[in-house]
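# Residue-level structure breakdown
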Amino acid sequence: MPASDHLEALLGAMSLEEKIAQLSCGGRAYEMPGIIDGDGRLDADAFATAFPDGVGQIGRLNVRRDGPVARELADQINETLATRSRHGIGALFNEEGVHGLMGRGATVFPSALAIAATWDPDLAERVYTAVAVETRARGANYVYAPVLDLARDPRWGRVEETFGEDVHLVTQMGRAAVFGLQGRPSDSRPGAIATDRVLACAKHFVGHGVPQGGLNGAPVQLGRRELSEDHLPPFVAAIDAGVGAIMAAYHDLDGVPVHSDPWLLTDVLRDQLGFTGMVTSDGFGVPQLASLQRVAVDDTDAARLAFTAGIDCEVPEPRGAAGLADLVRNGRLSEEVIDRAARNVLLVKQRLGLLDAAAVAATDPPTVDLDAHDRLALETARRGAVLLSNPSGFLPVEADRRRTILVAGPNAEHAHLGAYCDPSAEGIGVLEGIRERFTAATVTFEQGCRITPERAGPATWWQDEVTLADPALDDEPMDAAVAAAASAELAVLVVGGNEATHREGWWFDHLGDRASLTLEGRQDELVERVAATGTPTVAIVISGGPVDLHRVVNAADAVLWTCYPGQQGGTGLAELLAGDIAPSGRLPVTFPRSSDQIPVYAGRRISAGRGYLHEPADPLFAFGHGLTYTDVTTVLQGVAPASLSVDDLTAGATVELDVEVTNTGPHDTIEVLRVTVNDRVASVTRPTERLVRFQPIEVCGGSSERVRLSIGHDALRLLDRSMRWVVEPGAFDLSVHASDTTHTVRVIATP
């Protein structure tokens with residue numbers, strides 16, 4: 001029987017209750033007492049009693065559990081479903097995996113924002129392939145990633161989870177992440193997801209990264225043009241890549257909560273974009289229609305709105321879905337809505353082979369090479385760090401010279417791993433990394449000041465209450481750090497933010513967004529006082545997104561920034577200091593001079609360019625900024641053709657930019673070429689510069705590389721006043737940006 005016929009036959013044989021059972025998550029496996037105990041053992045009788053009609057999914061098998069325990073639990077659940085539910089349909093096991101599986105002992109890669117700072121989709125695909133393999137080997141098959149939000153308000157606590165602020169960068173990195181998680185589509189098995197890959201869930205649909213005030217889940221105001229041109233394309237690319245699931249966003253858009261918006265979830269996502277997979281709620285997004293947004297009277301009414309609008313399943317538990325059967329029976333909800341949602345859930349289960357739970361339980365897990373994944377985490381940490389400032393060329397530091405190095409700052413002593421890690425996750429901090437790399441030096445440590453009273457890390461991300469350190473208690477530690485710096489030959493100050501101070505604020509008792517980007521506590525003072533001793537001072541900034549660095553940059557001899565750099569972060573950062581590799585990261589987000597400039601991001605409309613009366617309007621560091629240790633020259637050798645017709649562009653013709661990159665310095669490096677477009681005159685306002693292509697190029701010291709960059713219809717098009725995608729005749733300035741210079745040429749699109 002063809003796969004589609006089999007699915008329809010199965011759906012036709014299911015009772016209303018059995019179909020509804022597929023439309024929610026039964027709970028999170030770390031908080032299901034009486035069904036799953038603290039050691040991860042399943043009570044099969046209790047499970048069968050709780051889910052007599054089967055279950056759509058179970059969440060978080062791996063949180064606080066080792067891989068073999070999670071794998072055995074998954075097998076036990078599927079064996080129970082195979083033998084004690086009528087249709088034997090296996091479960092989806094959802095996990096967090098934005099930069100590594102959230103499970104004990106899993107590899108923690110740098111945060112998504114640091115992955116984006118590599119500007120390398122191929123590297124991103126390798127990272128998310130590793131995430132998929134580890135997840136599947138540990139029994140789970142469904143990952144809440146990638147995050148496709150455009151992070152255009154740096155106060156928002158979830159910036160670290162994103163690939164940055166720019167539509168093109170987010171689109172390319174997100175597409176690569178989907179390929180890594182699910183695998184590339186195969187002609188031999190169209191739609192099927194292999195047993196070493198997982199179902200990916202792109203989130204959050206749509207516009208979640210621009211909430212009012214930078215507050216997570218706050219209302220979003222977007223015109224349909226900005227929504228369509230900027231916020232939808234990453235999801236379009238993910239759908240084109242075959243993504244199986246999409247998560248609705250918490251916020252309301254122009255007054256309508258996304259979870260209850262049929263225009264967004266059906267008209268746009270299904271009919272316009274052609275998505276055929278599963279639409280999931282965000283965690284407790286359905287009941288929040290009643291409790292927070294007050295467009296429903298209770299949880300059941302919220303479920304009626306959500307499922308009618310286009311939600312297919314509710315997570316992490318059936319708060320509203322528990323009332324779906326009553327809604328159908330009393331005529332308030334058509335059974336056709338249930339059929340549609342169940343069909344979409346079964347479709348993704350079919351892609352994973354879950355329609356036969358017994359076969360799934362008997363499948364051997366893929367082999368995991370944790371050492372290889374650790375090396376990949378190190379490579380990503382190296383590539384994802386951005387050299388912001390090095391005016392006198394102080395970096396790199398000779399590692400084999402005997403000297404005294406002071407390491408200080410609140411972020412130096414331990415690893416910073418970021419959001420959505422298992423609470424037990426560990427890694428190498430900067431202090432340890434420097435001690436291991438600079439073995440000829442005497443390395444001393446003084447904390448100097450604190451951000452929070454307790455040691456920060458993955459566990460503090462989970463804590464509800466966050467208290468900042470008392471600045472008065474830092475007098476003695478500050479004085480000790482300054483005294484140690486005065487007698488040292490080099491000071492490395494590790495500052496920024498931590499997992500408790502800039503994070504997802506998921507409810508009123510668990511806040512995480514910031515009103516200001518200023519470094520918390522006395523960190524600016526620490527950098528300034530240490531630098532004032534005359535000791536050469538390097539600042540390493542680790543943070544979940546942009547922070548106000550104007551005082552740090554003015555004081556330090558060099559500044560290196562990274563988002564949370566993963567389990568090998570300390571090693572990678574120490575190697576960058578030593579010049580073992582040259583920095584190649586580029587900013588995926590804009591760093592404002594202060595919070596007062598917000599919003600400031602790449603790709604704003606040209607009319608946003610007026611300056612302030614007494615302060616500059618340009619950012620401290622622009623999107624795409626990044627320095628290196630070597631001398632790179634870039635020459636635009638040619639452009640052809642300089643003129644072509646709109647019809648030719650529509651038919652697939654391209655403008656070819658011929659670029660030569662030469663590394664005249666001693667260090668191998670990776671140059672990132674970026675092409676932006678400036679539409680000189682258009683029927684609607686356009687950005688001054690809009691990123692349309694980028695290409696990382698490895699260039700060895702003393703060598704040259706040649707690359708051709710193709711610019712076609714998709715790079716020059718816009719939504720006209722009739723909301724049609726067109727290329728309008730006229731002049732376009734194409735600019736090729738590199739670390740040393742910018743070359744601009746004009747291309748004409750003729751009628």
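Up top is the structure these notes are about.
In this text the structure is predicted, and so the values were computed from the model without any measurement.

## Thoughts on the packing of helix H17 (residues 430–437) against helix H22 (residues 569–578)
For the pair H17 and H22, the least separation of the axes is 7 Å and the interaxial angle reads 50°. Comparing their axes, H22 and H17 come out oblique. For the crossing formed where H17 meets H22, the hand is right-handed. Contact residues: H17 offers Val 430, Gly 433, Ile 434, Glu 436 and Arg 437, while H22 offers Gly 570, Thr 571, Leu 573, Ala 574, Leu 577 and Ala 578. Each residue belonging to the contact of H17 with H22 can be placed in one class, and the counts come to six nonpolar, three polar and two charged.

## Some thoughts on the environment of Pro 219
Turning to its location among the elements, Pro 219 is positioned in the loop between strand S5 (199–205) and helix H8 (224–231). Between the alpha carbons of Pro 219 and Leu 253 there is a distance of 6.2 Å; along the sequence they are 34 residues apart. Here Pro 219 is in contact with Val 210, Pro 211, Gln 212 and Asp 252, once residues within four sequence places are set aside.

## Looking at the packing of aromatic side chains
Per the stated rule, a full pass over the model turns up twelve aromatic pairs. Measuring from centroid to centroid gives 6.4 Å for Tyr 30 and Trp 462, while their planes differ by 80°, and the two rings are edge-to-face. Taken together, the residues span a long stretch of sequence, with Tyr 30 in the loop between strand S1 (25–28) and helix H3 (44–50) and Trp 462 in helix H18 (residues 458–462) at a distance of 432 residues. Taking 5.3 Å as the distance between ring centres and 80° as the angle between the ring planes, the aromatic pair formed by Trp 119 and Phe 694 counts as edge-to-face. Remark: Phe 694 occurs in strand S20 (residues 690–699) and Trp 119 occurs in the loop between helix H5 (112–116) and helix H6 (121–137); sequence separation between them is 575 residues. Using a relative accessible area of 0% as the deciding quantity, one classes Trp 119 as buried. Connected via pairs of aromatic rings, a cluster forms that spans Tyr 30, Tyr 420, Trp 461, Trp 462 and Trp 506. In this arrangement the basic side chain of Lys 203 is found over the ring face of Tyr 420, its NZ or CZ atom lying 5.5 Å from the centre. The ring of Trp 725 has Arg 717 sitting right over it, with the charged end atom 3.8 Å from the ring centre.

## Some words on the sheet that holds strand S4 (residues 142–144)
A sheet is described by the order of its strands in space; here seven strands give the open sequence S1-S2-S3-S4-S5-S6-S9, paired in parallel fashion. Two strands lie at the open edges of the sheet, namely S1 and strand S9 (278–280), each paired on one side alone. Here the strands of the sheet are splayed against their neighbours by 25° on average, with no regard to which way each runs. Where S5 lies against strand S6 (residues 245–248), three bridges are found, and the strand directions are parallel. Residue pairing in the sheet places Phe 205 in a bridge with Ala 248 of S6. Strand contacts of helix H9 (residues 233–240): S5 and S6, with the helix running at about 165° to S5, the strand carrying the most contacts.

## Digging into the nonpolar core
Counting 114 residues, the largest nonpolar core has Phe 205 and Leu 324 as its most contacted members. If you tally residues by element for this core, the top one is helix H7 (residues 167–182), at nine residues. Contact partners of Phe 205, with chain neighbours within four places excluded, come to Leu 232, Phe 235, Ile 246, Met 247, Ala 248, Ala 249, Val 258, Leu 264, Leu 265, Val 268, Leu 269 and Leu 273. Within the second largest apolar cluster, 69 residues are counted, among which are Ala 151, Val 492, Leu 519 and Leu 526.

## Overview of the pairing of S5
Here S5 lies mainly inside the structure; seven of its seven residues are buried. Pairing analysis gives two bridges linking S4 to S5, with the strands arranged parallel. Along S5, the bridge assignment pairs Val 143 with Ala 200.

## Structural notes on the sheet that holds strand S25 (residues 742–750)
A sheet is described by the order of its strands in space; here five strands give the open sequence S17-S25-S24-S19-S20, paired in mixed fashion. Strand pairing shows two members of the sheet lacking a second neighbour, strand S17 (643–645) and S20, which therefore form its edges. Going from strand to strand, the sheet's axes swing by 25° on average, the running direction of each strand aside. Pairing analysis gives nine bridges linking strand S19 (residues 669–679) to S20, with the strands arranged antiparallel. Within the sheet, the bridge partner assigned to Val 672 lies in S20 and is Pro 696.

## Remarks on the pattern of salt bridges
One pass over the structure, following the stated rule, counts 48 salt bridges. With its nearest N and O atoms 2.9 Å apart, the salt bridge here joins Glu 161 to Arg 158. Relative accessible area serves as the criterion here: at 2%, Glu 161 is assigned to the buried category. The salt bridge partner of Arg 158 is Glu 504, with a shortest N-O separation of 3.3 Å. In this pair, Arg 158 sits in the loop between S4 and H7 while Glu 504 sits in the loop between strand S13 (490–496) and helix H20 (523–532), placing the two residues 346 residues apart along the sequence.

Analysis parameters
- Residues numbered from 1 in each chain as written.
- Predicted model: local features only at pLDDT ≥ 70, side-chain atom pairs only at ≥ 80, totals over all residues.
- Heavy atoms only, no water.
- Axes fitted to C-alpha atoms, helices over the stretch in contact; angles between N-to-C directions.
- Helix = DSSP H or I, 4+ residues; strand = E, 2+ residues; numbered from the N terminus.
- Parallel < 35°, antiparallel > 145°, perpendicular 65-115°, else oblique.
- Left-handed = near helix turned anticlockwise from the far one by under 90°.
- Contact = heavy atoms within 4.5 Å.
- Nonpolar A, V, L, I, M, F, W, Y, C, P; charged D, E, K, R; others polar.
- Phe/Tyr/Trp six-rings, centres within 6.5 Å; stacked < 30°, edge-to-face > 60°.
- Buried < 20%, exposed > 50% of the residue type's maximum accessible area, 1.4 Å probe, protein only.
- Lys NZ or Arg CZ within 6 Å of the ring centre and 35° of its normal.
- Pairing = 2+ DSSP bridges.
- Core = buried A, V, L, I, M, F, W, Y, C linked by side-chain atoms within 4.5 Å.
- Salt bridge = Lys/Arg side-chain N within 4 Å of Asp/Glu carboxyl O.

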